[in-house]
Amino acid sequence: MSVSKLHQYVSHQAERRPEATAVVMRDERLTYQQLEVMSDQLATLLFKSGCKPGDRVALMLPKEPQTIICMLAVLKCGAAYVPMDIQNPAERVSKMVTRAAPSVILANKESRDLMIKMRPYLENDNLPVVGWMEREEPGLTDYTTAFTKPDMQTINKPEFPLVSDGDQMAHILFTSGSTGTPKGVMVTHDNVIHFVDWGVRYFDITPADRVSGHAPLHFDLSTFDIYGAFAAGAELNMVPPDIGIIPSQVARFMEQSRLTQWFSVPSLLSYMARFDAITPDSLPHLKRLIWCGEVFPVSALRYWMYRLPHVEFTNLYGPTETTIASSYYTLPAIPESDDEEVPIGNPCDGEELLILDHEMNPVPDGEIGDLYIQGAGLTQGYWQDDEKTAEVFRTISADPDFDNHEKTWVYKTGDLARRDENGLVFYHGREDNQVKTRGYRVELGEVENGMFRLPGVKECAVVPYQARGMDAKAIGCAFVMEEDQQAPDLVKLRKELSEFVPSYAIPTKWLELEKLPRNGNGKIDRKSLTQKIENYAPVSHS
Ligand code: AMP
């Protein structure tokens, strides 16, 4: 089925199979017809509240089926939704809201306290109105209430403008920014539709499928969960956030929901392998297991493949900036040893992976270079941030031999890669200060920025380190206190840092030093610091 707007996937299914289940979470089940009707009603309320095509609507909502209705409603209005992580500190969320400048905020009781804490950071002019996805207004006099949930039932006839431009922004996904302000990636309908159509075709997703919805709704992985399911007319099974990463509970969820497709970051899958959460030959319904976002350690992958020989395993690779994923690799067989390398594979249809040297010339096969991506998934850059956009979105000569003048738009991923003689691409880590920790993308600069704001901290550096017994990287910090300061209270410092950075970005090791190690040119010697932090075993006072 071909569509020009994401919400049309739902409209099509509602026409053909209105009673089919679209979304399930716990005891809640919504059919395609219900999704269609309720998102029409909400779109009408948004429109009547002043939301126009091209506007942004901030979603300050938890992960639940109702939030999916909100996404569709915003799209129907021709606006773009901006999903927020409501567990983030108020100051950080306020920065994103200020930058997005939404005309409406959709919120509920779970974000009520956050809304109160955010108020001092928001400008008085242009304060967005709030649509409360609740039965009653929560009595926040500082914000103007546009509507509450029961108002949806008063709408009998949908009324919102029809917008046909597929190049239009569908959502803004914020990701960590090295200066402390998150960057908002502008993703269009076309960007997502292109990947979703490829994914549904490649994985052969059908109306009989029950697909997982594990990623939080502000992660781009969730975009494939949602629209992949809707494009195929399948059933989206949202994993309740409280099950989150508890291995036995996730396994039980997969079993009880009779999932046919699982898609998540590898951190969770490794964690489940560590806890031996999968019984051999269990999950008979599962057809495919897909991961994206970080390296899946081969030892854990082999565990899964031995346990579930009937399942197909696919590695997807790609940054948010190029929409969900840009390359794929389905394993033809179980790797023979833990040392075997699993490629990030071949480009998805309409995408291209370029491996270039510093002069932007292609490197020969077998050599490591900078990985650039071009193609249909390439987004329009960062919302209202031309400087950051210009740093990583570039135009280069379109011809591989670079002897013509045609230019093409590419994204510099910051990843290092090599291509083998069969054309398969392999990932070789990053060349900058961006890390993945438990599947979350963190710019170490953002954490350092927060550290510098802690009272008494004179100098600091934040580095990734290899935590003992863990596959993924953890975040550590070293800091120097001002001379006149007493011994730092780490519990207090941690708590204060949590006012500025998300909880997953708070360093797990804190090393106080008299001075930071520096190399010949005066730069902080991050290599030696990483070693120090790796070897540092904090004394437990418990
Ligand atoms: P995000 O924007 O959160 O999806 O993060 C994008 C970054 O995650 C990429 O630039 C890579 O560094 C890393 N990444 C994504 N997928 C993979 C993968 N399959 N294998 C290794 N690293 C990955």
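Residues numbered from 1 in each chain as written. Predicted model: local features only at pLDDT ≥ 70, side-chain atom pairs only at ≥ 80, totals over all residues. Heavy atoms only, no water.

Caption draft 1: Broad picture of the domain arrangement of the protein chain. Split by domain assignment, the protein chain resolves into domain 1 (8–188), domain 2 (239–430) and domain 3 (437–535). A C-alpha centroid distance of 36 Å is found between domain 1 and domain 3. Of the residues lining the interface, 12 residues belong to domain 1; the matching set on domain 3 comes to 13 residues. Summed over both partners, the interface of domain 1 with domain 3 comes to about 1000 Å²; 39% of that surface belongs to carbon and sulfur atoms. Summed over the shared surface of domain 1 and domain 3, the result is 2 salt bridges. Between Arg453 and Glu91 there is a salt bridge, with the nearest N and O atoms lying 2.7 Å from each other. At the surface where domain 1 touches domain 3, the tally comes to 9 residue pairs in polar contact (both at pLDDT 80 or more). Looking at the side of domain 1 that touches domain 3, its residues break down into 1 nonpolar, 7 polar and 4 charged. (Domains from an automatic or database assignment. Contact = heavy atoms within 4.5 Å. Buried area = accessible area lost by both parts, 1.4 Å probe. Salt bridge = Lys/Arg side-chain N within 4 Å of Asp/Glu carboxyl O. Polar contact = N/O pair within 3.5 Å; in protein donor to acceptor, adjacent residues only side chain to side chain. Nonpolar A, V, L, I, M, F, W, Y, C, P; charged D, E, K, R; others polar.)

Caption draft 2: Expanded view of a nonpolar patch on the surface. The grouping of Ile245, Tyr271 and Phe275 at the surface amounts to a nonpolar patch, some 290 Å² of accessible area in total. Mapped onto the fold, Tyr271 is located in helix H9 (residues 266–274). (Patch = residues over 30% accessible without salt bridge, like charges linked within 9 Å, V, L, I, M, F, W, Y side chains within 5 Å. Areas by Shrake-Rupley, 256 points an atom, 1.4 Å probe, with all protein chains shown as cover. Helix = DSSP H or I, 4+ residues; strand = E, 2+ residues; numbered from the N terminus.)

Caption draft 3: Region of the structure containing the pairing of strand S11 (residues 235–238). The alternating pattern of S11 places Glu235 and Asn237 on one face and Leu236 and Met238 on the opposite face, and all of these are buried. Pairing of strand S1 (residues 21–25) with S11 involves 2 bridges; the strand directions are parallel. In the sheet register, Val23 faces S11, and the bridge partner there is Leu236. Bridge count between strand S10 (residues 210–213) and S11: 4 bridges; the pairing is parallel. From the neighbouring strand, Ser212 faces S11, where its bridge partner is Asn237. A crossover links S10 with its parallel partner S11, the connecting element being helix H7 (residues 221–232), and its sense is right-handed. (Buried < 20%, exposed > 50% of the residue type's maximum accessible area, 1.4 Å probe, protein only. Pairing = 2+ DSSP bridges. Right-handed = clockwise from strand over helix to strand, strands pointing away.)

Caption draft 4: View of the side chain of Asp415. Turning to its location among the elements, Asp415 is positioned in strand S20 (residues 407–419). Overall, Asp415 belongs to the buried group, its relative accessible area being 6%.

Caption draft 5: Examining the site of the ligand more closely. Near the ligand lie 14 residues; those nearest to it are Asn315, Leu316, Thr320, Asp415 and Arg441. With respect to the ligand, the backbone of Gly293 contributes an N or O atom lying 3.0 Å from a nitrogen atom. Separating an oxygen atom of the ligand from a backbone N or O atom of Gly318 is a distance of 3.4 Å. The protein chains hide 94% of the 490 Å² of surface that the ligand would expose on its own. Secondary-structure elements contributing two or more residues to the shell around the ligand are strand S14 (312–317) and strand S21 (425–430). Take the shell around the ligand: its biggest share by element is 3 residues, from S14. Considered class by class, the residues forming the shell around the ligand number 5 nonpolar, 4 polar and 5 charged. (Near = heavy atom within 4 Å.)

Caption draft 6: Inspection of the sheet that holds strand S24 (residues 457–466) at higher detail. One open sheet holds the 3 strands; their spatial order is S24-S25-S26, and the pairing between them is mixed. On the outer flanks of this sheet lie S24 and strand S26 (509–512), each paired with one strand and no other. For this sheet the average axis-to-axis angle between neighbouring strands, irrespective of direction, equals 20°. Sitting on the sheet, helix H12 (residues 444–452) is in contact with S24, strand S25 (473–481) and S26, with an inclination near 150° to S24. (Axes fitted to C-alpha atoms, helices over the stretch in contact; angles between N-to-C directions.)

Caption draft 7: Spotlight on the pairing of strand S13 (residues 288–292). With 5 of 5 residues buried, S13 lies mostly within the body of the structure. With burial as the criterion, each face of S13 is covered, one bearing Arg288, Ile290 and Cys292 and the other bearing Leu289 and Trp291. Strand direction decides the pairing type here: strand S12 (residues 261–264) and S13, joined by 4 bridges, are parallel. Considered in S13, the bridge of Ser264 is made with Trp291. For the handedness criterion, the β-α-β arrangement of S12, H9 and S13 is classed as right-handed. Two strands pair when backbone bridges link them, and S13 and S14 are joined in this way by 5 bridges, in the parallel orientation. What sits directly across from Ile290, in S14, is Thr314. Once the chain exits S13 it traverses helix H10 (residues 298–307) before rejoining the sheet at S14, and the crossover so formed is right-handed.

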